[in-house]
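# Coordinate analysis (summary)
Chain by chain, the residues run as shown.
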Amino acid sequence: MSVQEQNLQIVESAYAALLRGEMEGFVASFTDESEIHEVAESLPYAGVFKGPGVFPLVIGKVMEVFSALNFTKENIAAAGDNVVAWGQLELTGRSTGTTVTIPLIEIWTLANGKTTKLRVIYGDTATALKAAGLA
């Protein structure tokens, strides 16, 4: 099995765990040095978060703004050290009750079977902010 195939399998396993509600499984490939980058600076929970224990913290920060979220993965591909998953993110604003669907891309960077970085990229932050009552 190639490194790309191994990386793809690791990320696919992470998403499968998340679908089962197993946060620990989602971050199974994370180390103390792994980083989650919420890159949309316009959102109130933007930033860089480090270590496997931060995933519940990040989700908690997102859930302060949105009462529900659901990522539907449409495709996933591996290239070099990166695995890219893209799909649609359904969000419901906590203060407005408005539900919207926006494009979402997650770029996983792996080394030696471990996640070094997970970048979360929103395709339409303006719509997300409106749903949250922040625009």
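Small disclaimer: the values here were computed from a predicted structure and weren't measured. (Residues numbered from 1 in each chain as written. Predicted model: local features only at pLDDT ≥ 70, side-chain atom pairs only at ≥ 80, totals over all residues. Heavy atoms only, no water.)

## A word on a nonpolar patch on the surface
Convention followed: Residues enter patches when they are more than 30% accessible in relative terms and free of salt bridges; like-charged ones are connected within 9 Å and nonpolar ones (Val, Leu, Ile, Met, Phe, Trp, Tyr) within 5 Å. Areas reported here follow the Shrake-Rupley algorithm with a probe of radius 1.4 Å; residue values treat only the protein chains shown as occluding. By salt bridge we mean one thing: a side-chain nitrogen of Lys or Arg within 4 Å of a carboxyl oxygen of Asp or Glu. A run of H or I in DSSP counts as a helix once it spans at least four residues, and a run of E counts as a strand once it spans at least two, with each numbered from the N terminus.
Together, Val39, Trp86, Ile105 and Ile121 line one region of the surface with nonpolar side chains, adding up to about 290 Å² of accessible area. Structurally, the position occupied by Ile121 is in strand E6 (residues 114-122).

## Let's talk about the sheet that holds E6
Selection rule: The criterion for strand pairing is that DSSP finds at least two bridges linking the strands in question. To get an axis, a line is fitted to the C-alpha atoms, and for a helix only the part in contact is used. The angle between two axes follows their N-to-C directions and goes from 0 to 180 degrees.
Spatial strand order, E2-E1-E6-E5-E4-E3: 6 strands in an open sheet with mixed pairing. Sheet topology places strand E2 (47-50) and strand E3 (66-79) at the edges, where each strand pairs with a single neighbour. The sheet shows a mean angle of 20° between the axes of neighbouring strands, taken without regard to direction. Where strand E4 (residues 82-93) lies against strand E5 (residues 99-111), 11 bridges are found, and the strand directions are antiparallel. Along E5, the bridge assignment pairs Ala85 with Glu106.

## Quick word on helix H3 (residues 54-65)
Defined as follows: Any helix carries an expected span of 1.5 Å times its number of residues minus one. Buried residues are those whose accessible area, probed at 1.4 Å on protein chains only, stays under 20% of the maximum for their type, while exposed residues exceed 50% and partly exposed ones sit between those limits. To be clear, the arc concerns the directions from the helix axis to the C-beta atoms. Note on contacts: a residue pair qualifies if any of its non-hydrogen atoms lie within 4.5 Å across the two residues.
Here H3 spans 17 Å end to end across 12 residues, near enough to the 16 Å set by a 1.5 Å rise per residue. Restricting attention to buried positions, one finds in H3 the residues Val54, Phe55, Val58, Val62 and Val65. End-on, the buried residues of H3 take up no more than an arc of 110°, which puts them together on one face. Here the buried face of H3 lies against helix H1 (3-19), helix H2 (23-26), strand E1 (30-38), E2, E3 and E4.

## With respect to the pairing of E6
Looking along a regular strand, one sees the side chains alternate between the two faces of the sheet. Strand direction decides the pairing type here: E1 and E6, joined by 5 bridges, are parallel. Considered in E6, the bridge of His37 is made with Arg119. Of the strand pairs in this sheet, E5 and E6 are connected by 8 bridges, and their pairing is antiparallel. Along E6, the bridge assignment pairs Ala111 with Lys114. Linking E5 to E6, which pair antiparallel, is a turn of 2 residues; within it Asn112 sits at a positive phi near 55°.

## Some remarks on H1
Here H1 spans 25 Å end to end across 17 residues, near enough to the 24 Å set by a 1.5 Å rise per residue. Inspection of H1 places Asn7, Val11, Ala14, Tyr15 and Ala17 among the buried residues, and these make up the whole buried set. Buried residues of H1, seen end-on, are gathered within an arc of 160° and therefore sit on one face of the element. Against H2, E3, E4 and E5 lie the buried residues of H1.

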